[in-house]
Amino acid sequence: MKFFSTRKNSPEVSFEGAIFKGLAPDGGLYHPVDEPDLSKLFLKMTRQEDFASIAAKVIANLFNDEIPQDDAIQLCKKAFPFSPKLKKLEEGLHILELFHGPSCAFKDFGASFLANSMEYFLKSEQRQALILTATSGDTGSAVAQAFYQKDNIDVVILYPKGRVSPLQEKQLTTLGGNIHALEVEGAFDDCQRMVKEAFTDPALSEALPLSSANSINLGRLIPQSLYYIWAFTQLKGISDEIIFCVPSGNFGNLTAGVLSWRWGLPVSSFIAATNANDVVPEYLQTGNYETRPSLATYSNAMDVGAPSNFERLLTIFQDDWNVMKSMIHGESISDEETLKTISDVYQEKGYILDPHTAVGVLASRRFREKVLTGGGEIVSLSTAHPGKFVEIVKEATGEEPQLPEALQKVMMGKKQTTVINNTLEELSAFLMDNFA
Ligand SMILES: *Cc1c(COP(=O)(O)O)cnc(C)c1O
């Protein structure tokens, strides 16, 4: 499989090339050139197969020119010691729980596959990589966990001092080993700027094998298609018409679902569920795409005013608004509605939703009432464990959700960081001292 840039001004690359480059040289995102037809493979898969085995079959088919089948099996086994779970919430509506990985959010799937793919290529070529990334809190923890103890790779994570939650800070700083946390005297924007400056600094690029692992990386996008395919196998015999509802911010998760449909998964619609940051639902309604500064909401991992993967969606739908809106339905949910949904679902079903998942569940229920006339099962993606959002969940339900066990352990670890000022000079000095 080869990949091209969404801006169409860069050479095509292999999967390996795409994951180590991150962003294409023209500033575009890497995207598959071909859309292989995997429908026969999907039909042959059974409910009994575990997630890692289904993942390996798809990956071996997609990347047969770079990752032979036996290697794909090993890679997926290592990448996915955790699995999604599908739970029926009510008639016609299922929750796809994606929070059973080490950081208790769906980003574990993408981060873990990327980390293991990088390790696979680096080991066979006996070279090193240094991953440099900035985080405002949540995404960095999935990356830290995923790359921990990977051979041939060091990770440097910049985060704004005093501006991430205590749990997030523990997740970033207690692993040690090849995970190096830099506490920056400044804001998240400073961290992002410093990382950008480091990547464009000729002396650093010369001296260090720099790579990124941010959410636009193709190595994080592709594996997110796998749980849509797995969910389809779980509903075999119940329904062959599936609607997926995806709580969205940067729209990587939804884009991955749309890719699985392009490869032949029988999906009848996608629901793009957002909070008040509704530029995509608005585009689907009006045909006008207007990015704007993000608004702060309860589902803060979805507070995105200029979704980075929208370029990929436009590429898939060839800029055709009519085709896109025939396949994707948009819904925007307010904070008040989010809170009420957590409360309603807890009272009706005894099931606790996190705020991001609640946005998806209400969007799913609305879709069922307004749009869905015939049958069809809705699968609503649950992107995080409710225990990560104690305050909001407590406000909605009166109950304090349990912190998942994986995170309770993290809270007991010891923080290890290096404090630096918000300048490229200090970042360069740290990198050169430790890794050159
Ligand atoms: C990142 C994230 C999202 C949004 O996913 P995108 O791929 O950016 O659309 C939703 N929920 C949670 C909990 C997240 O961490």
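Data block above holds the structure.
### A short note on the overall build of the protein chain
Link 1 in the chain: Along the protein chain, the regular secondary structure elements total 20 helices and 13 strands.
Link 2 in the chain: Relative to the compact-globule value of 22 Å for 436 residues, the protein chain shows a C-alpha radius of gyration of 21 Å, a close match.
Link 3 in the chain: The principal-axis extent of the C-alpha atoms belonging to the protein chain is close to 65 × 50 × 45 Å.
Link 4 in the chain: Looking at the protein chain as a whole, 58% of its 436 residues are labelled buried.
Link 5 in the chain: Counted over contacts in the protein chain with a minimum sequence separation of 6, partners at least 24 positions apart contribute 74%.
Link 6 in the chain: Each charge sign in the protein chain was given a centre, from 39 positive and 55 negative side chains, and these centres are 4 Å apart.

### Some remarks on the environment of L314
Link 1 in the chain: Note on placement: L314 falls in helix α14 (residues 310-316).
Link 2 in the chain: Along the primary structure L314 and T255 are separated by 59 residues, whereas in three dimensions their C-alpha atoms are 10.0 Å apart.

### Here we look at the packing of helix α16 (residues 335-349) against helix α18 (residues 390-397)
Link 1 in the chain: At their nearest, the axes of α16 and α18 sit 8 Å apart, and the two run at 60° to each other. Taken together, α16 and α18 sit at an angle that is classed as oblique. Regarding α16 and α18, the two cross each other, and that crossing is right-handed. Residues L339, I342, S343 and Y346 of α16 form the contact with α18, whose own contacting residues are I392, E395, A396 and T397.
Link 2 in the chain: For the contact of α16 with α18, a count of residues per class yields 5 nonpolar, 2 polar and 1 charged.

### Things to note about the sheet that holds strand β6 (residues 153-160)
Across a sheet, strands are paired by hydrogen bonds formed along the backbone, either parallel or antiparallel in direction.
Link 1 in the chain: Strand order in this open sheet of 5 strands is β8-β5-β6-β7-β13, and the pairing throughout is parallel. Each edge of the open sheet is held by one strand with a lone partner, namely β8 (210-211) and β13 (418-421).
Link 2 in the chain: Direction of pairing for strand β5 (residues 129-134) relative to β6: parallel, over a ladder of 6 bridges. For L130, the partnering residue across the bridge sits in β6 and is D154.
Link 3 in the chain: Strands β5, β6 and β8 of the sheet are contacted by helix α5 (residues 107-125), whose axis makes an angle of about 145° with β6.
Link 4 in the chain: Along the sheet, helix α6 (residues 138-147) makes contact with β5, β6 and β7 (179-185), crossing β6 at roughly 160°.

### Description of the packing of aromatic side chains
Link 1 in the chain: In this structure the tally under the stated criterion is 22 aromatic pairs.
Link 2 in the chain: With centroids separated by 6.3 Å and ring planes inclined at 55°, the aromatic side chains of F3 and F63 adopt a geometry described as tilted. In this pair, F3 sits in strand β1 (residues 3-5) while F63 sits in the loop between α3 (51-62) and α4 (69-79), placing the two residues 60 residues apart along the sequence.
Link 3 in the chain: With relative accessibility at 0%, the residue F3 sits in the buried group.
Link 4 in the chain: Assessed through its relative accessible area of 0%, F63 is described here as buried.
Link 5 in the chain: Seen from their ring centres, Y228 and F270 are 6.4 Å apart, and the 70° between their planes marks the pair as edge-to-face. Placement of Y228 in helix α11 (residues 226-234) and of F270 in strand β10 (residues 267-274) is noted, with a sequence separation of 42 residues between them.

### Brief notes about the side chain of S299
Link 1 in the chain: Structurally, S299 is set in the loop between α13 (279-286) and α14.
Link 2 in the chain: In this view, S299 contacts N275, P355, H356 and V359; residues no more than four positions away in its chain are not counted.

### Structural notes on the nonpolar core
Link 1 in the chain: In terms of nonpolar packing, the biggest core is built from 95 residues, with F80, F147, F244 and I328 touching the most fellow members.
Link 2 in the chain: The leading source of residues in this core is α3, at 9 residues.
Link 3 in the chain: When residues no more than four places from it in sequence are discounted, the contact partners of I328 are L254, V258, F270, A272, L284, L313 and F317.
Link 4 in the chain: The next biggest cluster of nonpolar side chains, apart from the first, holds 25 residues, and it includes L339, V359, A363 and F367.

### A short note on the sheet that holds strand β12 (residues 377-382)
Link 1 in the chain: Spatial strand order, β3-β4-β12-β9-β10-β11: 6 strands in an open sheet with mixed pairing. Where the open sheet ends on each side, the last strands, each with one partner, are β3 (85-90) and β11 (328-332). The average angle at which neighbouring strand axes cross in this sheet is 25°, direction not considered.
Link 2 in the chain: One ladder, built from 5 bridges, connects β3 with strand β4 (residues 93-97); its direction is antiparallel. Bridge assignment links K85 to a residue of β4, and that residue is E97.
Link 3 in the chain: Across the sheet, helix α12 (residues 252-262) touches β9 (242-247), β10, β11 and β12, and the angle it forms with β10 is around 175°.
Link 4 in the chain: Contacts from α13 reach β10 and β11 within the one sheet, and its direction differs from that of β11 by about 125°.

What counts and how
Residues numbered from 1 in each chain as written. Predicted model: local features only at pLDDT ≥ 70, side-chain atom pairs only at ≥ 80, totals over all residues. Heavy atoms only, no water. Helix = DSSP H or I, 4+ residues; strand = E, 2+ residues; numbered from the N terminus. Rg over C-alpha atoms; globule rule 2.2 N^0.38 Å. Buried < 20%, exposed > 50% of the residue type's maximum accessible area, 1.4 Å probe, protein only. Contact = heavy atoms within 4.5 Å. Lys, Arg positive; Asp, Glu negative; His and termini not counted. Charge placed at Lys NZ, Arg CZ, Asp CG, Glu CD. Axes fitted to C-alpha atoms, helices over the stretch in contact; angles between N-to-C directions. Parallel < 35°, antiparallel > 145°, perpendicular 65-115°, else oblique. Left-handed = near helix turned anticlockwise from the far one by under 90°. Nonpolar A, V, L, I, M, F, W, Y, C, P; charged D, E, K, R; others polar. Pairing = 2+ DSSP bridges. Phe/Tyr/Trp six-rings, centres within 6.5 Å; stacked < 30°, edge-to-face > 60°. Core = buried A, V, L, I, M, F, W, Y, C linked by side-chain atoms within 4.5 Å.

Fair warning: the whole summary comes from geometry, so function is off the table for now.
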